[in-house]
Amino acid sequence: MTDLLARLRFVAALAVLGAVLGACASGGTVVLLPEKDGRQTAVSVRQGDKEVVLDQPYAAARTNAQGPRAYVASPQDVNAQFGPALAAQPARSARFTLYFVEGKDEFTDESRKLIDGVLAEIARRPVPDVMVVGHTDTVGSESANDALSRQRAEVVRKGLIARGIAPEDVVAIGRGKRNLLVPTADGVAEPRNRRVEILVR
Amino acid sequence: MSTALMSCRNALVLAVLAGGVVAAHAADIGQVKIAKGQVTIERQGKAMPAAVGARLQVADVVRTGADGSVGITMDDDSLLSAGPNSALSLDNYAFDTTTNQGRLDTSLNKGTLSVISGRIAKQTPDAMTVRTPNAILGVRGTEFVVSAND
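Residues numbered from 1 in each chain as written. Chains lettered and ligands numbered in written order. Predicted model: local features only at pLDDT ≥ 70, side-chain atom pairs only at ≥ 80, totals over all residues.

## Some remarks on the overall build of chain B
- If you tally the helices and strands in chain B, you get 2 helices and 12 strands.
- Seen in sequence order, chain B has helices and strands lined up from the N terminus as α-β-β-β-β-β-β-β-β-β-α-β-β-β.
- Here chain B holds 150 residues, and the buried ones make up 49% of them.
- Expressed as a percentage of contacts within chain B between residues at least 6 apart in sequence, the contacts between residues at least 24 apart total 52%. (Helix = DSSP H or I, 4+ residues; strand = E, 2+ residues; numbered from the N terminus. Buried ≥ 20, exposed ≤ 12 C-beta atoms within 10 Å, placed from the backbone. Contact = placed C-beta atoms within 7 Å.)

## Overview of the overall build of chain A
- When helices and strands are counted, chain A shows 5 helices and 9 strands.
- Along chain A, from the amino end to the carboxyl end, the secondary structure elements read α-β-β-β-β-β-α-β-α-α-β-α-β-β.
- When each of the 201 residues of chain A is scored for burial, the buried share is 33%.
- Contacts spanning at least 24 positions in sequence make up 58% of the contacts within chain A whose residues lie at least 6 apart.

## Concerning the interface of chain B and chain A
- Taken together, the 48 residues of chain B in the interface contact 43 residues of chain A.
- Counting residues per element, the ones that place at least two in the side of chain B that touches chain A are β1 (30-36), β6 (69-74), β7 (79-82), β9 (102-116), β11 (135-141) and β12 (143-148) of chain B.
- In terms of residues, the side of chain B that touches chain A owes the most to one element, β11 of chain B, which gives 7 residues.
- Its residues placed into classes, the side of chain B that touches chain A shows 21 nonpolar, 21 polar and 6 charged.
- Inspection of the sheet shows strand β2 (residues 42-47) of chain A paired to β11 of chain B by 5 bridges, in the antiparallel sense. Within the sheet, the bridge partner assigned to R46 of chain A lies in β11 of chain B and is I136 of chain B. (Nonpolar A, V, L, I, M, F, W, Y, C, P; charged D, E, K, R; others polar. Pairing = 2+ DSSP bridges.)

## Considerations on the sheet that holds strand β9 (residues 195-200) of chain A
All names here are of chain A.
- The strand order β6-β9-β7-β8 describes an open sheet built from 4 strands, whose pairing is mixed. Two strands bound the open sheet, and with one partner strand each, they are β6 (94-99) and β8 (170-174). When strand polarity is set aside, the average angle formed by the axes of neighbouring strands in this sheet is 20°.
- With 6 bridges joining them, strand β7 (residues 130-135) and β9 adopt antiparallel strand pairing. When the bridges of β9 are listed, G134 appears paired with V196. (Axes fitted to C-alpha atoms, helices over the stretch in contact; angles between N-to-C directions.)

## Side note on the nonpolar core
- Among the nonpolar cores identified, the biggest contains 54 residues, and V30, V31 and L54 of chain A together with V70, L113, F144 and V145 of chain B are the most heavily contacted of them.
- Excluding residues within four positions of it along the chain, V30 of chain A makes contact with V43, V45, L54, A60 and A61 of chain A together with L137, F144 and V146 of chain B.
- Core analysis: the second largest hydrophobic core is formed by 20 residues, I122, M131, L160 and I165 of chain A among them. (Core = buried A, V, L, I, M, F, W, Y, C linked by C-beta atoms within 7 Å.)

## Section: the domain arrangement of chain A
- Each assigned domain of chain A is listed here: domain 1 (29-89) and domain 2 (94-200).
- Each of domain 1 of chain A and domain 2 of chain A has a C-alpha centre, and these two points are 36 Å apart. (Domains from an automatic or database assignment.)

## Some thoughts on the environment of A80 of chain A
- You can see A80 of chain A is positioned in helix α2 (residues 75-87).
- A80 of chain A sits 18 residues away from R62 of chain A along the chain, and the two C-alpha atoms are 16 Å apart.

## Quick notes on the pairing of strand β4 (residues 59-64) of chain A
All names here are of chain A.
- As defined by bridge partners, strand β1 (residues 28-32) adjoins β4 across 4 bridges and the pair is classed as antiparallel. In the strand pairing of β4, T29 is matched with R62.
- Across 6 bridges, the pairing between β4 and strand β5 (residues 67-72) is antiparallel. For N64, the partnering residue across the bridge sits in β5 and is G67.
- Here β4 folds back onto β5 in antiparallel fashion, the turn holding 2 residues.

## Section: unusual backbone geometry
- If you check the backbone angles, Y58 of chain A has positive phi at about 70° while not being a glycine.
- On the secondary structure map, Y58 of chain A appears in the loop between β3 (50-54) and β4.
- Take Y58 of chain A: there are 16 C-beta atoms within 10 Å of it, and that puts it in the partly exposed class.
- One non-glycine residue, N85 of chain B, adopts positive backbone phi at about 55°.

## Concerning the confidence of the model for chain A
Residue and element names in this part refer to chain A.
- In this model, chain A carries a mean pLDDT of 87, and residues with pLDDT of at least 70 account for 87%.
- Taken element by element, chain A is modelled with least confidence in helix α1 (residues 2-25), mean pLDDT 53, and with most confidence in α2, mean pLDDT 97.
- Predicted confidence is poor over residues 17-25, with pLDDT under 50, and the contacts of this stretch with residues over four places away or in other chains come to 2 contacts. (pLDDT = per-residue confidence, 0-100.)

## Focus: the environment of R46 of chain A
- Along the chain, R46 of chain A falls in strand β2.
- Residue R46 of chain A is classed as partly exposed on the basis of its 19 C-beta neighbours within 10 Å.
- Spatially, the C-alpha atoms of R46 of chain A and P68 of chain A are 7.2 Å apart, while their sequence positions differ by 22 residues.
- Setting aside chain neighbours within four positions, we find R46 of chain A in contact with E51 of chain A together with A135, I136 and G138 of chain B.

Laid out in structure tokens, this is it:
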């Protein structure tokens, strides 16, 4: 009887040990990848109060029970482990910028000609969704420019729908004078800031 | 508790979206652009197949089978793609399209994930996180890969 109890205890202890070892074995990998245009980027990897910051191409961290451990990965390592995930990456958004006549929601003549290119890009994507982002220059109040930028974006959205794009695939937003293409003081009429960006993704 | 939390999140997302977006589906936060093999979306305890074009919502869990992979474009232009045997949870999302302020918190519970961060992380470093069972990643930009439980 005592013998059986001891055996049961032993089995239970083994099960606990197995669970603990299993938890220890489970870790993960993080690798920072190079930027296409060489911009500075970084990812921090935190476990409790321990942190490793990855800020160079192929800087990597292994996370396990001891905390993050830094190392340098190779492109081959990354492809071997992450090939299918990387292959499933959606296409990056294509960006078009169109310009407006001052204070109005009409395109300049040159910009009107770009619309066909936008439609071709939308047609090329299997499940397109389009974000139209309106911007203004700094003439006028923030609220007036928010409204104008949204109005400009909405005009473009309606134009795309009129050319056959499904309404649920196009979103129109306005960013007013928050995101100037050409930085200026307030109250400056700057044609290059009166624009919509069309993001196709 | 979890229902209350979820409705809070939804309310937050709706409040944020109501500010700047004219959209047919205000609760959508992203879209499946690529799906290969077995891919499912778990929403409120129910699993459904994730076809290309499927729209995603907060609290969705996207799972891939042994032959599966999936590519997702979030509304802030973040790209998330997972390899086989993965589970990716879209825990928290808020994005103000006018100011680019927001949060995007995801969890990779198992498998492999590649990430290209979007406008949320660009506007506010560390406003995008990826949680794994033993670590939290703060995203300052831009492209990286992460695995869990391997």
